[in-house]
Amino acid sequence: MTNRAEMTRRDILKSGAAVATLTLAPGVTLMTFGGSEANAARADAGKRWGLLIDANKCAADCSACVTACKTENGWGNDGGEHSGPETESAWIRKVTLRDKHTGRQVSAPVMCQHCESPPCVDVCPTGASMQRVDGIVLVDKHICIGCRYCMMACPFKARSFVHSDVPEQSVNAPRGKGVVESCTLCVHRVDRGRIPACVEACEASGNSAILFGDLKDPESPISRALKQYSSIALRADLELNPGVRYQNL
Amino acid sequence: MRLILAFLVLLGLSLPLHADDHEGLPAVPKATGEPHPEGNEYWRKNHMTLLLHDRDLTLREGEREDIRASLESCFDCHTVKDEAGEAVTIEDERHFCRVCHDYAAVKPDCFTCHRSTPSDNVANRLMATPEEPNSIAAYLERLKALEADESEASQ
Ligand code: SF4
Ligand code: SF4
């Protein structure tokens, strides 16, 4: 084990991120952080995680993804004096669409779309709403002040505010009263090489309506499916370039 | 005033602690596991800085392997059990964090969002191996097999 007491501030910085040092002039150095090979376990700027949801495969009466998300991340059962359908957290919802003219009905899960240009990040006054280098959009609850601007800015109703005390949370997802939360794309799993809980549950349900993968890798199954078949981004007119895409909606 | 008080506490804590010869000082609950290589005094003074540094690494950079200061691992060793043998939560004044924090009158706000007891949910604690069915590697293999089946069927 390294002894952190003996590390200088500089060493700790280094241990935190790959640092390249460039001497500009005597006494003036430029340090750059990052680099994807340097630390494979880090969020990788060479990747962008995304989902492709096929509404034709999504069964109307199935909500395995929602249940799995609740279990994994510990939301959906907060109770407390402010509890109710309007205040309850919803990281992922099943949405049913009906075409007025044809009567065709489809159903699909909607969660944070992990926008490439996320309005929630734009409006956040504290920097708590943030985007990782691999495209995953998160709330840094350590600095969120609970102003809920991001909830207003999100076109997809993807964010929730926690209204009640949450005792003894899941280790997977720290969450508590007074801050905003949303789908993390199961970042705690993805960072350790696992697929998100909803993807796992959807596959186990036999529907396999959610495809997970790296949008930046042209050979990944998700990229090839997007190239081959037509798909849409929700509210494509807003040009947010979400990481979550839909087929047959 | 708070600073002076905190300083006095640290001074107090750095002395060997025995409830009887240091009347009134908090009796730090005994830990299990390997001792910190830096020594307890260092952690008493710096735990907040280390936690602050490593939380940003975890949340913002996605570092999961080389993290030393995480509440989850604190409670691997620093847990106080009640009479029934259950780990006490932050609601209980015997909780590891509360013993000193109550004494110093400094309220940690970690536990609004973080659990204050060890968790038996360890499924995501280690890096996935390709053998695990829910690993990305195994998932991609399944997709590949599916695709091969489909292309065979269409021929
Ligand atoms: S879907 Fe909403 S919460 Fe998610 S990144 Fe886009 S704007 Fe932000
Ligand atoms: S609620 Fe939190 S994350 Fe959302 S805009 Fe306000 S400070 Fe940012």
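Residues numbered from 1 in each chain as written. Chains lettered and ligands numbered in written order. Predicted model: local features only at pLDDT ≥ 70, side-chain atom pairs only at ≥ 80, totals over all residues. Heavy atoms only, no water.

Trainee: Please provide a residue-by-residue account of the overall build of chain B, values included.
Mentor: Within chain B, the regular secondary structure consists of 5 helices and 0 strands. Listing every helix and strand of chain B by position from the N terminus yields α-α-α-α-α. The buried share of chain B, taken over its 155 residues, is 28%. (Helix = DSSP H or I, 4+ residues; strand = E, 2+ residues; numbered from the N terminus. Buried < 20%, exposed > 50% of the residue type's maximum accessible area, 1.4 Å probe, protein only.)

Trainee: Requested: an account of the confidence of the model for chain B, with residues and values cited.
Mentor: Residues and elements named next belong to chain B. Per-residue confidence for chain B averages 86 on the pLDDT scale, and 85% of its residues sit at or above 70. Element-level mean pLDDT values for chain B span from 51 in helix α1 (residues 2-14) up to 95 in helix α4 (residues 96-104). Contacts from residues 14-20, a stretch scored under 50 in pLDDT, to residues over four places away or in other chains number 7 contacts. Overall fold confidence for the complex sits at a pTM of 0.84, while the interface term, ipTM, reaches 0.83. (pLDDT = per-residue confidence, 0-100. Contact = heavy atoms within 4.5 Å.)

Trainee: Tell me about the confidence of the model for chain A, residues and numbers included.
Mentor: Taken residue by residue, chain A gives an average pLDDT of 89. The fraction at 70 or more is 86%. In this model residues 16-21 of chain A is a low-confidence stretch, pLDDT under 50, and it forms 21 contacts with partners more than four residues away in sequence or in other chains.

Trainee: Can you break down the site of ligand 1 residue by residue, with the values?
Mentor: Close to ligand 1 lie Cys112(A), Gln113(A), His114(A), Cys115(A), Pro118(A), Pro119(A), Cys120(A), Val137(A), Cys154(A), Pro155(A), Phe156(A) and Arg159(A). Its residues assigned to classes, the shell around ligand 1 shows 9 nonpolar, 2 polar and 1 charged. (Near = heavy atom within 4 Å. Nonpolar A, V, L, I, M, F, W, Y, C, P; charged D, E, K, R; others polar.)

Trainee: Pulling in residues and values, what's your account of the pairing of strand β11 (residues 244-247) of chain A?
Mentor: Residues and elements named next belong to chain A. Across the two faces of β11 the burial is the same, with Val244 and Tyr246 and Arg245 and Gln247 all buried. Bridging between strand β3 (residues 49-54) and β11 involves 4 bridges; their strand directions are parallel. Residue pairing in the sheet places Leu52 in a bridge with Arg245 of β11. (Pairing = 2+ DSSP bridges.)

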